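Coordinate analysis (summary)
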Amino acid sequence: MPYGMNILVTGGTGFVGANLCHRLIADGHRVICLDNNYTGSLDNVEDLMNHPNFSFVEHDVIEPWDCEEKLDRIYNLACPASPPFYQGNRSIFTTKTCVLGILNMLELAKKHGARILQTSTSEVYGEPLMHPQPEHYRGNVNPIGIRACYDEGKRCAESLMFDYHRHEGVDIRVIRIFNTYGPLMNPEDGRVVSNFICQALRGEDITIYGEGQQTRSFQYVDDLIEGMVRMMENEHGFVGPVNIGNPGEFTIRQLAELVLQKIDTKSSLVQRPLPSDDPTQRRPDITLAGKELNWAPTIPLSEGLDRTIAYFRTKLGL
Ligand code: UDP
């Protein structure tokens with residue numbers, strides 16, 4: 001992989017973005033971390049702030065942005081990813097972040113001749129009628145539901161990526177990320193893994209939405225970052241889209257029970273209403289990532305949970 005590139009990471013103070021910034025700095029690159037800190041936090045990059053190769057810019061990708069040094073790579077991660085944060089009165093802002101954000105970053109990529117990677121999502125498959133989900137499955141998204149701001153925003157961003165590739169010659173890469181967890185998650189984010197671990201550590205009820213029979217496939221963040229970097233740096237022109245996720249599939253109830261086995265707690269399981277349009281099942285088909293990127297996840301859920309629990313214990317002081 002080339003060394004010492006200028007790399008822009010939008011959404012760089014968020015959970016995945018901050019993990020990516022740490023990896024790119026460790027690899028010897030110069031990193032510009034751009035974020036509006038809506039769901040991200042400077043705490044996640046505090047240890048990088050004085051690093052000579054790292055700089056932070058407070059900016060919202062909805063507005064255009066440029067810099068003097070020539071950019072080599074752009075990783076576009078800017079977007080809230082947790083349903084409670086991207087829905088409700090934030091939903092219009094979410095669509096703008098997805099669509100105007102990628103438009104601004106594609107213009108930037110075009111101007112700098114930079115390669116750009118878009119972090120798309122398993123949400124493009126909606127409530128999937130094909131299981132597991134391969135990349136050629138076109139999905140089953142409700143365009144007017146409460147998740148649509150994110151799902152359709154990300155679908156539109158994919159479409160813009162390919163149009164800039166076809167018509168403007170921009171060098172693109174598209175990955176579709178499945179549920180990811182690990183250190184630097186925000187304890188108050190509202191995602192299932194962070195909720196269950198923090199609830200168990202605090203001795204609070206563990207909130208299962210619906211019957212808990214819906215499934216997700218949970219990927220440890222280090223596996224995602226490795227897949228993301230391999231995708232960005234593949235030199236055989238593979239543009240994607242490619243699924244990056246762990247095919248190990250668990251019901252939400254199984255996840256809760258696993259967390260309870262690992263944490264000595266007085267918490268018990270309680271049921272809460274299932275949000276509308278909550279997908280019933282999710283599992284990536286990762287054949288393509290194996291073939292094109294020689295990538296597969298290496299960290300099983302049990303091990304990843306141990307590492308994540310250790311992170312939250314320190315973070316919460318529990
Ligand atoms: N979920 C849950 N309890 C929680 C948070 C989430 O049962 O405290 C469920 C949620 O309804 C969904 C699954 O866990 O079925 C994953 O939710 P998350 O928000 O982490 O990700 P996404 O729905 O975007 O896949």
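Residues numbered from 1 in each chain as written. Predicted model: local features only at pLDDT ≥ 70, side-chain atom pairs only at ≥ 80, totals over all residues. Heavy atoms only, no water.

With respect to the overall build of the chain
Of the regular secondary structure elements, the chain holds nine helices and 13 strands. For the chain, whose C-alpha radius of gyration is 19 Å, the value lies close to the compact-globule estimate of 20 Å for 318 residues. Considered along the principal axes of its C-alpha atoms, the chain spans approximately 55 × 45 × 40 Å. Considering only contacts in the chain between residues 6 or more positions apart, those separated by 24 or more positions represent 81%. For the chain, the exposed area adds up to about 13200 Å²; of that, 50% sits on carbon and sulfur atoms. Side chains of the chain give 30 positive and 41 negative charges; the mean places of these two sets differ by 2 Å. (Helix = DSSP H or I, 4+ residues; strand = E, 2+ residues; numbered from the N terminus. Rg over C-alpha atoms; globule rule 2.2 N^0.38 Å. Contact = heavy atoms within 4.5 Å. Areas by Shrake-Rupley, 256 points an atom, 1.4 Å probe, with all protein chains shown as cover. Lys, Arg positive; Asp, Glu negative; His and termini not counted. Charge placed at Lys NZ, Arg CZ, Asp CG, Glu CD.)

Let's talk about empty space enclosed by the protein
Per the stated rule, a full pass over the model turns up one cavity of 30 Å³ or more. The calculated volume of the largest cavity comes to roughly 40 Å³. Around the largest cavity, the lining residues are Asn76, Ala78, Cys79, Thr97, Cys98, Ile102, Gln118 and Lys154. In terms of residue count, helix H3 (residues 91-112) provides more of the lining of the largest cavity than any other element does, three residues in total. (1 Å grid on protein atoms, 1.4 Å probe; cavity = no way out; pocket = protein on both sides within 12 Å on 5 of 7 lines; lining within 4 Å. Points joined across faces, edges and corners; volume = space filled by probe spheres on them.)

Comments concerning unusual backbone geometry
Here the bond from His131 into Pro132 is cis, since omega is -10 degrees, no more than 30 degrees from zero. For Pro132, the position within the fold is in the loop between strand S5 (115-121) and helix H4 (148-168). Non-glycine residue Leu184 carries a positive phi angle of around 85 degrees. Take Leu184: it is sitting in the loop between strand S7 (180-181) and helix H5 (192-202). The backbone of Asp277 sits at a positive phi, close to 65 degrees, despite the residue not being glycine. Take Asp277: it is sitting in the loop between strand S13 (269-272) and helix H8 (287-293). Residue classification places Asp277 among the partly exposed residues on the basis of a relative accessible area of 37%. (Buried < 20%, exposed > 50% of the residue type's maximum accessible area, 1.4 Å probe, protein only.)

Quick word on the sheet that holds strand S2 (residues 30-35)
Reading across from one edge, S3-S2-S1-S4-S5-S6-S11 is the order of the seven strands in this open sheet, with parallel pairing throughout. The open sheet has two free edges, formed respectively by strand S3 (54-58) and strand S11 (242-244), since each of these has just one partner strand. Averaged over neighbouring strand pairs, the angle between their axes works out to 20 degrees when direction is ignored. Examined bridge by bridge, strand S1 (residues 6-10) and S2 share five bridges and lie parallel to one another. Residue Leu8 lies in a different strand from S2, and its bridge partner there is Ile32. Across the face of the sheet, helix H1 (residues 15-26) comes into contact with S1, S2, S3 and strand S4 (73-76) while running at roughly 170 degrees to S1. (Pairing = 2+ DSSP bridges. Axes fitted to C-alpha atoms, helices over the stretch in contact; angles between N-to-C directions.)

A closer look at the pairing of S5
The buried fraction of S5 is high, at seven of seven residues. Going residue by residue along S5, you find Arg115, Leu117, Thr119 and Thr121 tucked away on one face and Ile116, Gln118 and Ser120 tucked away on the opposite face as well. Bridge analysis of S4 against S5 gives four bridges, and the strand direction is parallel. In the strand pairing of S5, Tyr75 is matched with Leu117. Here S5 pairs with strand S6 (residues 172-177) via six bridges, running parallel. Bridging across to S6, Gln118 finds its partner in Val174. With respect to chirality, the unit in which S5 leads through H4 into the neighbouring parallel S6 is right-handed. (Right-handed = clockwise from strand over helix to strand, strands pointing away.)

Details of the state of the cysteines
Throughout the structure, instances matching the rule amount to zero disulfides. For Cys33, which is in no disulfide, the shortest distance to another cysteine sulfur is to Cys21 and amounts to 4.2 Å. (Disulfide = S-S within 2.5 Å.)

Digging into the site of the ligand
Taken together, 17 residues lie around the ligand, and Asn195, Thr207, Tyr209, Arg216 and Asp278 are the ones closest in. A distance of 3.0 Å is found between an oxygen atom of the ligand and a side-chain nitrogen or oxygen belonging to Arg147. Within the side chain of Arg191, a nitrogen or oxygen atom sits 3.1 Å from an oxygen atom of the ligand. Elements that contribute at least two residues to the shell around the ligand include exactly H5 and strand S8 (206-209). (Near = heavy atom within 4 Å. Polar contact = N/O pair within 3.5 Å; in protein donor to acceptor, adjacent residues only side chain to side chain.)

Details of helix H6 (residues 221-233)
When the terminal C-alpha atoms of H6 are compared, their 18 Å separation across 13 residues agrees well with the 18 Å that a helix rising 1.5 Å per residue should span. For H6, the complete set of buried residues consists of Val221, Asp223, Leu224, Ile225, Gly227, Met228, Val229, Met231, Met232 and Glu233. (Expected span 1.5 Å × (residues − 1).)

Some words on the side chain of Asn76
Relative to the helices and strands, Asn76 resides in strand S4. Owing to a relative accessible area of 3%, Asn76 belongs among the buried residues under this scheme. Of note is the side chain of Asn76, whose polar atom sits 2.8 Å from the side chain of Gln118. Setting aside residues up to four positions removed in sequence, Asn76 forms contacts with Thr10, Ile102, Met105, Leu117, Gln118 and Thr119.

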